Amino acid sequence: MPPKNFELLPKAGAEGDFLEVAMGPQHPSTHGVFRMDVVLDGERVVKLKPVFGYLHRNHEKIAENTTYLGSMPYTDRLDYFCSMTNNWAYALSIEKLAGLAVPERAEYIRVITGELTRLLNHSCLIGFLLQDMGALGTPVMYAFREREKILDLFESLSGSRMMCNYMRFGGCRCDLPAGWIEEAKQVADNFPRFLDEFEKLLCENEILMARTQGVGVLPKELAINAGVTGPMLRASGVNYDIRKVDKYGIYDRFQFRVPLGDHGDTYDRFMIRVLEMHESAKILQQALKDIPSGPIIDPKAKLRGFRPKAGEAYGRIEAPKGELGFYVISDGSPNPYRYRVRPPSLINLTILEDMCLGNMVADVVVILGSVDIVLGEVDR
Amino acid sequence: MEALEQIKSRVEAAVSGAKLEIIRNDSPSGQHSLLLDNAHALAVAKFLRDDAELRLDYCANATGVDWPEAELTEKIRVKKIVDGVEKEVEEVKKTLRPGYLEAVYHLYSMEKKHGPVILRFRTENRTDKNHLPSLTPAWRSAEFQEREIFDLYGIVFDGHPDLRRILMWDEFKDFPMRKDYVEPDDYEYEPTPHDEVLEKVKQHQAEEVKA
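These remarks concern the structure in this document. (Residues numbered from 1 in each chain as written. Chains lettered and ligands numbered in written order. Predicted model: local features only at pLDDT ≥ 70, side-chain atom pairs only at ≥ 80, totals over all residues. Heavy atoms only, no water.)

## Observations concerning the overall build of chain B
Along the backbone of chain B there are four helices and nine strands. Secondary structure elements of chain B occur, N-terminal to C-terminal, as α-β-β-α-β-β-β-β-β-β-α-β-α. Across its three principal axes, chain B shows a C-alpha extent of roughly 65 × 65 × 35 Å. By sequence separation, contacts in chain B at least 24 residues apart represent 56% of the contacts at least 6 residues apart. Counting only carbon and sulfur atoms, one obtains 51% of the accessible surface of chain B, whose full area is about 11,900 Å². (Helix = DSSP H or I, 4+ residues; strand = E, 2+ residues; numbered from the N terminus. Contact = heavy atoms within 4.5 Å. Areas by Shrake-Rupley, 256 points an atom, 1.4 Å probe, with all protein chains shown as cover.)

## What about the interface of chain A and chain B?
In this assembly, 52 residues from chain A lie in contact with 51 residues from chain B. A combined buried area of about 4,200 Å² lies between chain A and chain B, and 50% of that area is made up of carbon and sulfur atoms. The interface formed by chain A and chain B includes five salt bridges. E148 of chain B is the salt-bridge partner of R340 of chain A, the closest N and O atoms lying 2.7 Å from each other. Linking chain A with chain B are 28 residue pairs in polar contact (both at pLDDT 80 or more). Residues that form the side of chain A that touches chain B fall into these classes: 23 nonpolar, twelve polar and 17 charged. (Buried area = accessible area lost by both parts, 1.4 Å probe. Salt bridge = Lys/Arg side-chain N within 4 Å of Asp/Glu carboxyl O. Polar contact = N/O pair within 3.5 Å; in protein donor to acceptor, adjacent residues only side chain to side chain. Nonpolar A, V, L, I, M, F, W, Y, C, P; charged D, E, K, R; others polar.)

## What about unusual backbone geometry?
At the junction of G115 of chain B and P116 of chain B, the peptide bond is cis and its omega measures out at 0° in the coordinates. Along the polypeptide, P116 of chain B turns up in strand β7 (residues 114–122). Phi at N58 of chain A is positive, roughly 55°, even though this residue is not glycine. Tracing the sequence through the fold places N58 of chain A in the loop between β3 (44–51) and α1 (59–64). On the accessibility criterion, N58 of chain A (11% relative accessible area) is buried. Despite not being glycine, K113 of chain B shows a phi value in the positive range, around 55°. Relative to the helices and strands, K113 of chain B resides in the loop between β6 (100–109) and β7. The exposure class of K113 of chain B is partly exposed, given its relative accessible area of 37%. (Buried < 20%, exposed > 50% of the residue type's maximum accessible area, 1.4 Å probe, protein only.)

## Brief notes about the sheet that holds strand β1 (residues 19–23) of chain A
Residue and element names in this part refer to chain A. Pairing is antiparallel in the open sheet, where three strands are placed in the order β1-β2-β3. What marks the edges here is a single partner per strand, and that holds for β1 and β3. Sheet twist, expressed as the mean angle between neighbouring strand axes with direction ignored, is 20°. Inspection of the sheet shows strand β2 (residues 35–41) paired to β3 by seven bridges, in the antiparallel sense. (Pairing = 2+ DSSP bridges. Axes fitted to C-alpha atoms, helices over the stretch in contact; angles between N-to-C directions.)

## Let's talk about the environment of G322 of chain A
Residue and element names in this part refer to chain A. If you trace the backbone, G322 turns up in strand β7 (residues 322–330). For G322, a relative accessible area of 0% puts it in the buried group. Sequence spacing of G322 and A184 is 138 residues, and the spatial spacing of their C-alpha atoms is 24 Å. Among all residues touching G322, those that are not within four sequence positions of it are T229, G230, I317 and P344.

## As for helix α5 (residues 138–158) of chain A
Residues and elements named next belong to chain A. Here α5 is 21 residues long and its end C-alpha atoms lie 30 Å apart, about the 30 Å a rise of 1.5 Å per residue gives. Turning to α5, its buried residues number three or more, namely P139, V140, A143, E146, R147, I150, L151, L153, F154, L157 and S158. Contacts made by the buried residues of α5 are with α3 (83–98), α4 (104–132) and α6 (180–202). A positive phi of about 90° marks G159, the residue just after α5. (Expected span 1.5 Å × (residues − 1).)

## Some remarks on the pairing of β6 of chain B
The side chains of a regular strand alternate between both faces of the sheet. Residue and element names in this part refer to chain B. For β6, the buried fraction is high: ten of the ten residues fall into the buried class. Of the two faces of β6, both are covered, the one formed by Y100, E102, V104, H106 and Y108 as well as the one formed by L101, A103, Y105, L107 and S109. Sheet topology places strand β3 (residues 58–67) next to β6; nine bridges connect them, and they run antiparallel. Looking across to β6, one finds that V65 is bridged to E102. For β6 and β7, the ladder comprises seven bridges, and the chain directions are antiparallel. Pairing of S109 across the sheet is with H114, part of β7.

## Considering the packing of α4 of chain A against α6 of chain A
All names here are of chain A. Closest axis-to-axis distance for the α4/α6 pair is 12 Å, and the angle between their directions is 25°. Taken together, the axis directions place α4 and α6 in an arrangement best described as roughly parallel. Considering the relative orientation of α4 and α6, their crossing is left-handed. Contact with α4, carried on its side by I112, L116, L119, S123, I126 and L130, involves W180, V187, F191, F194, F198 and L202 of α6 and no other residues of that element. Of the residues belonging to the contact of α4 with α6, the class tally is eleven nonpolar, one polar and no charged. (Parallel < 35°, antiparallel > 145°, perpendicular 65-115°, else oblique. Left-handed = near helix turned anticlockwise from the far one by under 90°.)

Structural data, given as structure tokens:
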């Protein structure tokens, strides 16, 4: 049965015949359950509508029916690659709402785990992007080899490899285990070596350049107006990194650059991620060197029976995929009156059609890969 | 960035007929917001986007909130004659707040690197007068988010280029994020190991309360 909500183009007319193709929901390039209704003129894309909702669990409703702390584990399942940063964004918005302070050591731990998350997200994205281009298996395996090391660290810290559920309002759940900092230092020191290997193998690879340069160009003004954030925005040359703009946590203490792209094409989006990983490794080295001892949670922060005063707050962080924000309204009861996730994956997709128009159908797969979506976050 | 009062007066001067109100937020976040009148919402949005001082070129977040009809209680002090003497007495004043749906927008500036400025506007009621102007013509980023609000809250955005359900399927009738939404109860129930855990928790908590 043809999708009801998709308006077909006028049938064969002066322009010729069009072919309507539903890419997905089960397609190797759609990273889960996501459909693109594409209208093709020959091999060129003339129309594209993203369709999602296959994974919708109404995370927001669940959170409104549970306590503030009760929805922390659900945030892990939004962008299941980056549970640490999801926790962080939620904790940050509640800290704003309730006016909680975070101890120094916890801030350092948050930066360290957050940047480790960025490393694992970007390296996996590059692996998947190459897979979308037809390099089956190998790049993903290289990326997963690095990811495993980071997941080992997360496991020894939080007890879980993917669904960490580690941050708490006003700090973190538990302190770092013995020897963790040394292991993390090793990962941070070795990561640039992996990046060099990756760069040597890929950045000047002829096939990669041919398939990505000038493909899916996203102009600066359009990117801003469409609310695109994260590496995708910076690839279009907009200098906007929430770590620098809002200086949340303790990001003002670290030296790092914000890499920017020139053309806003798929190649730039790929390269920005490689460069960002170099910067993340630098932040990690600084944070691991300076981490102080002390408490890891604000003693005043109440976890059970937590009832913030009536009011609202919007907190946001620079998650690996872009701006991850939480908007919470409290009416003074133990559960949030309104709980909203501002997901970067969903909003970055707003512009997918514009990026794909005029490109070949084979490029759609690569362009979608360079957007970096996780369907758990798109659908919630 | 300018203070909200200043933004309000500048907007009212620039957009003729626009009436704004500052909604205070007393939580530690201190994020106050501007309540717009629906007729001028889009004009105000375009002014905020294009104004050289503000340049709120980036709409980060757009979302809906449901406020069903509710009885609000408020303690007030009134003068009353008690036993022939005038006294100030505390009384509970009850007011009925009519229900409405609300759309909230968080705006930032990528050029000037400031924000947020929070806009909100409200429908007349929750049933038939549930139309609001779409801000997608001002910020493309509102496109999917307004579709989401339409899908989950039932606010109809006039002027939206492509207002369809986005997360629920087309045949779905209700608006699941509304406060009075009744979940379907036709699922099959089977006892699970969690039932025992639940009982344990209840017992544990009952003992805690006693202690």
